[in-house]
There are 2 protein chains.
Amino acid sequence: MSLHDAQARLAVSTVIFAISPEADGDGGLRPSLRTPLVRRLREPGLGRWALPGGWLPVDESLAGAAARTLAETTGLSPRYLEQLYTFGEPERSPGERVVSVVYWALVHSDEVERAVSDENVRWFDEDDLPDLAFDHAAIIEYALTRLRTKLEYSRIAHALLPERFTMAELRGVHEAVLRRRLDPANFRRTMEATGTLVDTGERLSGTRHRPPALYRFDPAHSPAAPPSPAPAAPRHAASASASAVPPRPGTDSKDTPE
Amino acid sequence: MSLHDAQARLAVSTVIFAISPEADGDGGLRPSLRTPLVRRLREPGLGRWALPGGWLPVDESLAGAAARTLAETTGLSPRYLEQLYTFGEPERSPGERVVSVVYWALVHSDEVERAVSDENVRWFDEDDLPDLAFDHAAIIEYALTRLRTKLEYSRIAHALLPERFTMAELRGVHEAVLRRRLDPANFRRTMEATGTLVDTGERLSGTRHRPPALYRFDPAHSPAAPPSPAPAAPRHAASASASAVPPRPGTDSKDTPE
DNA sequence: CCAAAAGTGTTATGTCTACACCCATGT
DNA sequence: ACATGGGTGTAGACATAACACTTTTGG
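Residues numbered from 1 in each chain as written. Chains lettered and ligands numbered in written order. Predicted model: local features only at pLDDT ≥ 70, side-chain atom pairs only at ≥ 80, totals over all residues. Heavy atoms only, no water.

Another point: unusual backbone geometry. Residues and elements named next belong to chain A. Geometrically, the link from E43 to P44 is a cis peptide bond, its omega value of -5° lying close to zero. Assignment of secondary structure puts P44 in the loop between β2 (33-39) and β3 (49-50). Despite not being glycine, F134 shows a phi value in the positive range, around 50°. (Helix = DSSP H or I, 4+ residues; strand = E, 2+ residues; numbered from the N terminus.)

The following block contains the structure:
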């Protein structure tokens, strides 16, 4: 019952990813990945940019805290939210011991436009990050590798796009994330083979050339049964908009007998 | 600086895997996966079995705490140690809010013989677990899926075997973990193709039939450069005996500006 | 010499990649 | 009509699985 001895403080932070709006039309450059950061208003790290986050309230779930701070700082709601890793080296934060449970999230590109952005909250291009507080740079780097690897065996790219999208837009997301060109023909077949794409029947006119079909994601693969969830399970995975759920908690640890 | 307001307590637990000794010779059944559990000596969950673990000391790293409690309860040192997931639902533990950072570990089968095992510490067969405290059953289940999936794209099986082993023993580990038979011919080729197996030149005599070659793992793929680590990165991964290192920490969270 | 595991070879099947080619639309 | 992205077809490279076959030991 006593919990007042020296303890680490628990924080929750989130790495948020979105695709830059210039993914539109057909002319422009490749779209790029962006992430919002907040300016630190206190020591340590005053003035530097950091991941959105906060202390964990006693009565809030980890994912809940991640989604809340995400909403508070960006005004957005995540289309995808998954635990990334827990960082807890003793010297992480100057002054006191802080353990941070970090999540990563994907938001729709059309939401980004109405996202908060002021003097203390700014979106940065993924390959043009500012000076970051603590080792948040390494954390973002790790979140990026996770996003890249997961994009290849899962179909989470839709979480970065609006409800309806063209095959080229979907490919653009993959190309932006993986940072390499993909063969349009093979990409199409691969995507169609997953069975998660539904042709809405509509076509996007106004492009300079042949109007492309508009697709949406099949909500069929909705959140699986709660019994045997799979947070970071390497094969396929969460597809719908919901978060990636982990097995239920329950670990305590007054263990270590005697 | 104040850290006395209501906060969650931080625990670290570990799911430990080992291969049952009966993997020897060539006669017997398939070897099986086993895991050590400790009996809870306090409420909540008094008398039930639980994962080894304990509260996180302020000055100890997460992985350090995991390795230490592992050593304390089993007398073993992990050949492989990786963070699994952090469980933090508010109702996880009756009474107070507990957030548990859970690790999973692999230990050599020949070490298991000299492992601790008394009234309060016991090794259980993976498909014959006792009544578990909290939702530790779900956590073990999740650790198992992680082990299974990771076994297929990584070569961590050696962490469950002695220094030198036969191809059949290695295959036995895969079969025990994946719970299905594997073609000996194809398995051999797949393993040889990874380039991580080294023929020691020795042969194991005393079997009933043709003496098999003894292999060891190539320490070539030692821990990669620290800059861009990859804790749970889905493709290939840690091979040597060392732990899986994550990107450095650094997250704080007095953030949430405005 | 026989049984059985160790180890090698061969073929069928499926997946991935590169790239040729036709289609439809705005200009 | 024509340039250009949308969309389809197809052949080679490569990985995987199934299984026949040869080798080597203990009994």
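On to the protein's contact with DNA strand C, then. Around DNA strand C there are 19 residues in total, and A:R208, A:R210, A:P211, B:R188 and B:R189 lie nearest to it. Sugar plus phosphate: this is where 61% of the atoms of DNA strand C within 4 Å of the protein reside. Contacts to DNA strand C include B:R188, whose side-chain N or O atom sits 2.7 Å from a phosphate oxygen. Note that a phosphate oxygen of DNA strand C is positioned 3.1 Å from one of the backbone N or O atoms of B:A213. Elements with a minimum of two residues in the surface near DNA strand C: α5 (184-194) of chain A together with α4 (167-178) and α5 (184-194) of chain B. In the surface near DNA strand C, the residues fall into six nonpolar, four polar and nine charged. (Near = heavy atom within 4 Å. Polar contact = N/O pair within 3.5 Å; in protein donor to acceptor, adjacent residues only side chain to side chain. Nonpolar A, V, L, I, M, F, W, Y, C, P; charged D, E, K, R; others polar.)

Our next topic: the protein's contact with DNA strand D. The local shell around DNA strand D holds 19 residues, among which A:R188, A:R189, B:N186, B:R208 and B:R210 are the closest. Sugar and phosphate atoms represent 56% of those atoms of DNA strand D found within 4 Å of the protein. A:R203 places a side-chain nitrogen or oxygen 3.3 Å from a phosphate oxygen of DNA strand D. At 2.7 Å from a sugar or linking oxygen of DNA strand D is found a main-chain nitrogen or oxygen belonging to B:R208. Taken together, the elements giving at least two residues each to the surface near DNA strand D come down to α4 (167-178) and α5 of chain A together with α5 of chain B. Here the surface near DNA strand D is built from residues that sort into six nonpolar, four polar and nine charged.

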